[in-house]
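Here's the letter readout for the chains.
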Amino acid sequence: MNSILKSFPSNLLAQLQSRTPLLWLNPGLGSSLPKDAPGIADVAEAEARLARCAGLMATLFPELKASAGRIESELIATPQLQQTMSSDPECAGSWFIKADHALPIAGSIKARGGFHEILALAESIAIDHGLLLPDGDRLQLASEAARTLFARYTVTVGSTGNLGLSIGVMAAALGFKAVVHMSTDAKAWKKDRLRLRGVEVVEHDGDYAAAVAAGRAQSQADPYGYFVDDEHSLMLFLGYAAAARHFAVQLKAAGRTVDATHPLFVYIPCGVGGAPGGITFGLKALFGEHVHCFFAEPVASPCMLVQLASQQNTPLSVYDIGLDNITEADGLAVGQASPLVSPLMAVQLSGVFTVSDRQLYTQLLQVLRTEDIALEPSAAAGVCGPDWLTNSDPGRTYLRHHDLEHHLNDATHVIWTTGGSLVPPEEHRRFLSIAAQYG
Ligand SMILES: *Cc1c(COP(=O)(O)O)cnc(C)c1O
């Protein structure tokens, strides 16, 4: 037995091992950030990068003309979903979906982090080669000279899904060679979509993790190689964190106040932790203790919960506690949380709830029926968040502890949906038939 497990709460361990959905509250919430944590200035830099690259994005992707090159999603009020899902009248307040499932071009939350990292790479290479002044017009990055330069470089990423789509498409659009390592059983439509954009897809059967490690080593040994590292990337993280500012503007436009008597609750699906962690970090910078962020993880893959519950920085994986990490939730099947993100979430995250595959499908169906929004299973993981908070013992404990019980009428609940708009119709029909089997 892993020695860290000795200090792991034993009743929690048993509950996790039995794959019973649960809400876990983070005892470290409110402690101070580690000294080497990123700062608000880093998030501001990412926001500035995305803003100065908007014109470039609109040039590269005609579908961004309408948004003037900004990669953004809607904040949608969801009264029907609220009515269906909140059995308890206590679950008052207002429910919204933050629609990152429909982010342009990549169709998932990975557009935020992935595009940001590739834009940062392109800027830095172009500046190093004298093709761009630090304060120069980013449209230069779409010039013939820049494309010729970028073509010397190969961007590599290992991903069975949405990260590969985001990185591959963005890198190829700027003229980089792009290689995405996928497992053989990755969805065919994702491979086709990448190949159509000129991205090389390398398929691996057998040990996928080992294959990605080999791809990483090869890429890092190549002076013209660049590896996007989902587990350690600060550039991905900051791209996600930059989501907070526009979201705050949307909340305000929707008439929502966030303060001590108007709490904001946010529920985000978590894989390795970069996307939900970045968003939490960005939201905490703007709303402090008035925003309460919860992650949703599959019962077979609660990697962030396991890492944070150990209350140590030594890596602990879901395999270490006897789980198999097998779930239908594509982007969430991750055994080990990001070591970059988990120390930050150790002090910022309110808690984690776990969801069964069955719930993912029934929630996917509920969102479709009530709001006519089509998601992929992972993206529906957050839907049961408000119910956990208001209708469970740990949820009520949390509300009491934070003095929020009497402010639920003025609460804002945001379910962050993370992917699905590019899923082909026949794949959606398959999701629905699985959901129907679950009944
Ligand atoms: C990647 C992904 C997530 C989680 O992001 P992480 O950075 O891996 O935690 C959630 N939902 C979907 C649809 C994703 O593709």
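Residues numbered from 1 in each chain as written. Predicted model: local features only at pLDDT ≥ 70, side-chain atom pairs only at ≥ 80, totals over all residues. Heavy atoms only, no water.

Some details on the pairing of strand S3 (residues 94-99)
Spelled out, the test is: Throughout this description, buried means an accessible area under 20% of the type-specific maximum (1.4 Å probe, protein chains only), exposed means over 50%, and partly exposed covers the range between. Helix and strand labels come from DSSP, where a helix needs a run of H or I of at least four residues and a strand needs a run of E of at least two; each type is numbered from the N terminus. Only strands joined by at least two bridges in the DSSP assignment are considered to pair.
The buried count for S3 comes to five of six residues, which makes it a mostly enclosed element. Sheet topology places strand S2 (residues 75-77) next to S3; three bridges connect them, and they run antiparallel. Each residue of the ladder has a partner; that of Ile-76, found in S3, is Ile-97. In this sheet, strand S11 (residues 412-417) lies alongside S3 in parallel orientation, the contact comprising six bridges. Opposite Lys-98, over in S11, you have Trp-416 as the bridge partner.

Considerations on the packing of aromatic side chains
Heads up, the rule is: Pairing of aromatic rings covers Phe, Tyr and Trp, the last through its six-membered ring, and needs centres within 6.5 Å; plane angles under 30 degrees mean stacked, over 60 mean edge-to-face, and all others mean tilted.
All told, the structure shown has 11 aromatic pairs when counted by the stated rule. A centroid spacing of 6.5 Å and a plane angle of 80° characterise the contact between Tyr-153 and Phe-176, whose relative ring orientation is edge-to-face. With Tyr-153 in the loop between helix H6 (144-150) and strand S4 (154-158) and Phe-176 in the loop between helix H7 (162-174) and strand S5 (177-183), this pair connects stretches of sequence that are 23 residues apart. This pair shows no difference in class: Tyr-153 is buried, exactly as Phe-176 is. Geometrically, the ring pair formed by Tyr-361 and Tyr-438 is tilted, given 5.9 Å between the ring centres and 35° between the ring planes.

Things to note about the site of the ligand
To keep things clear, this is the line we draw: We call a residue near a molecule or strand when any one of its heavy atoms sits within 4 Å of it. Pairs of N or O atoms are called polar contacts if they sit within 3.5 Å, as long as, within protein, a hydrogen donor faces a hydrogen acceptor (for residues adjacent in sequence, only side-chain-to-side-chain pairs). All accessible-area figures derive from a Shrake-Rupley calculation using a 1.4 Å probe, and residue coverage is judged against the displayed protein chains alone. Note that Gly is not counted as nonpolar here; it falls among the polar residues with everything else outside the nonpolar set of Ala, Val, Leu, Ile, Met, Phe, Trp, Tyr, Cys and Pro and the charged set of Asp, Glu, Lys and Arg.
What surrounds the ligand is a group of 14 residues, the closest being Lys-110, Asn-162, Gly-271, Gly-273 and Thr-418. Asn-162 places a polar side-chain atom, nitrogen or oxygen, 2.7 Å from an oxygen atom of the ligand. One of the backbone nitrogen or oxygen atoms of Val-272 is found 3.0 Å away from an oxygen atom of the ligand. Taking 380 Å² as the accessible area of the ligand by itself, protein coverage stands at 98%. For the shell around the ligand, the element with the most residues is helix H12 (residues 274-287), which contributes three residues. Each residue belonging to the shell around the ligand can be placed in one class, and the counts come to six nonpolar, six polar and two charged.

Notes on the pattern of salt bridges
Short version of the rule: Any Lys or Arg side-chain nitrogen located within 4 Å of an Asp or Glu carboxyl oxygen qualifies as a salt bridge.
The tally for this structure, following the rule as stated, stands at 16 salt bridges. For Asp-229, the salt bridge is made with Arg-216, and the minimal N-O distance between the two is 2.8 Å. Residue Asp-229 is found in the loop between strand S7 (225-228) and helix H10 (234-241), and its partner Arg-216 is found in helix H9 (residues 208-221); the two are separated by 13 residues along the sequence. A relative accessible area of 13% means that Asp-229 is categorised as buried. Look at the salt bridges and you will find they share partners, linking Glu-45, Arg-49, Arg-52, Glu-123 and Arg-138 into a network.

Here we look at helix H17 (residues 393-401)
Heads up, the condition is: Note: the arc covers the axis-to-C-beta directions of the helix. Only heavy atoms matter for contacts: two residues are in contact if any of them lie within 4.5 Å across the pair.
Buried within H17 are the following residues: Gly-395, Tyr-398 and Leu-399. Here the buried residues of H17 occupy an arc of 95° about the axis, which is enough to place them on one side. Opposite the packed face of H17, turned more than 90 degrees from it, sit the exposed residues Asp-393 and His-401. Structurally, H17 contributes buried residues whose contacts are with strand S1 (23-25), strand S8 (264-269), strand S9 (291-298) and helix H16 (385-391). For H17, the side-chain oxygen to backbone nitrogen distance between the N-cap and Gly-395 is 3.0 Å, and the N-cap itself is Ser-392.

Here's the deal with the domain arrangement of the protein chain
This is how the line gets drawn: All domain edges in this entry derive from an automatic or database-based domain assignment. Once two parts are joined, some of their accessible surface, as seen by a 1.4 Å probe, is lost; buried area is that loss totalled over both.
Entries for the protein chain in the domain assignment read domain 1 (2-106 + 237-437) and domain 2 (110-236). Contacts between the two partners involve 38 residues from domain 1 and, on the opposite side, 32 residues from domain 2. Considering only the surface of domain 1 that becomes buried against domain 2, Arg-49, Leu-56 and Tyr-240 emerge as the three largest contributors, covering 18% of it. For the interface between domain 1 and domain 2, the tally reads four salt bridges. As a salt-bridge pair, Arg-49 and Glu-123 come within 2.9 Å of each other at their nearest N and O atoms. Where the side of domain 1 that touches domain 2 is concerned, the elements lending two or more residues are helix H2 (40-52), helix H3 (54-60), H10 and helix H18 (425-438). Per-element accounting of the side of domain 1 that touches domain 2 gives the leading share, five residues, to H3. Classifying every residue of the side of domain 1 that touches domain 2 by side-chain character gives 23 nonpolar, five polar and 10 charged.

Concerning the side chain of Ser-317
Position of Ser-317 among the secondary structure elements: in the loop between helix H13 (303-309) and helix H14 (342-348). Looking at Ser-317, its side chain comes within polar contact range of the main-chain nitrogen of Tyr-319, at 3.1 Å. Those residues in contact with Ser-317 that sit more than four places away from it in its chain are Val-306, Gly-335 and Gln-336.

Quick look at the sheet that holds S5
Note the following rule: Whenever a helix is involved, its axis is fitted only over the stretch in contact; in every case the axis is a line through C-alpha atoms, and angles between N-to-C directions fall within 0 to 180 degrees.
The parallel open sheet is built from four strands, whose spatial order is S6-S5-S4-S7. A single partner strand is all that each edge strand has here, and the edge strands are strand S6 (200-204) and S7. Adjacent strand axes in the sheet meet at a mean angle of 20° when their direction is disregarded. Judged from the five bridges that link them, S5 and S6 form a sheet pairing that is parallel. Of the residues in S6, the one forming a bridge with Val-180 is Val-201. In the packing of H9 onto the sheet, the strands contacted are S4, S5, S6 and S7, and the crossing angle to S7 comes to about 145°.

Points about the packing of H2 against H10
To keep it simple, the criterion reads: Should an angle lie under 35 degrees it is considered roughly parallel, over 145 roughly antiparallel, and from 65 to 115 roughly perpendicular; all remaining angles are considered oblique.
Between H2 and H10, the least distance of the axes is 8 Å, while the angle of their chain directions is 75°. Judged on the interaxial angle alone, H10 and H2 are roughly perpendicular. Across the interface between the two elements, Asp-42, Val-43, Ala-46 and Arg-49 from H2 touch Met-235, Leu-238, Gly-239 and Ala-241 from H10. Among the residues making up the contact of H2 with H10, the classes are represented as five nonpolar, one polar and two charged.

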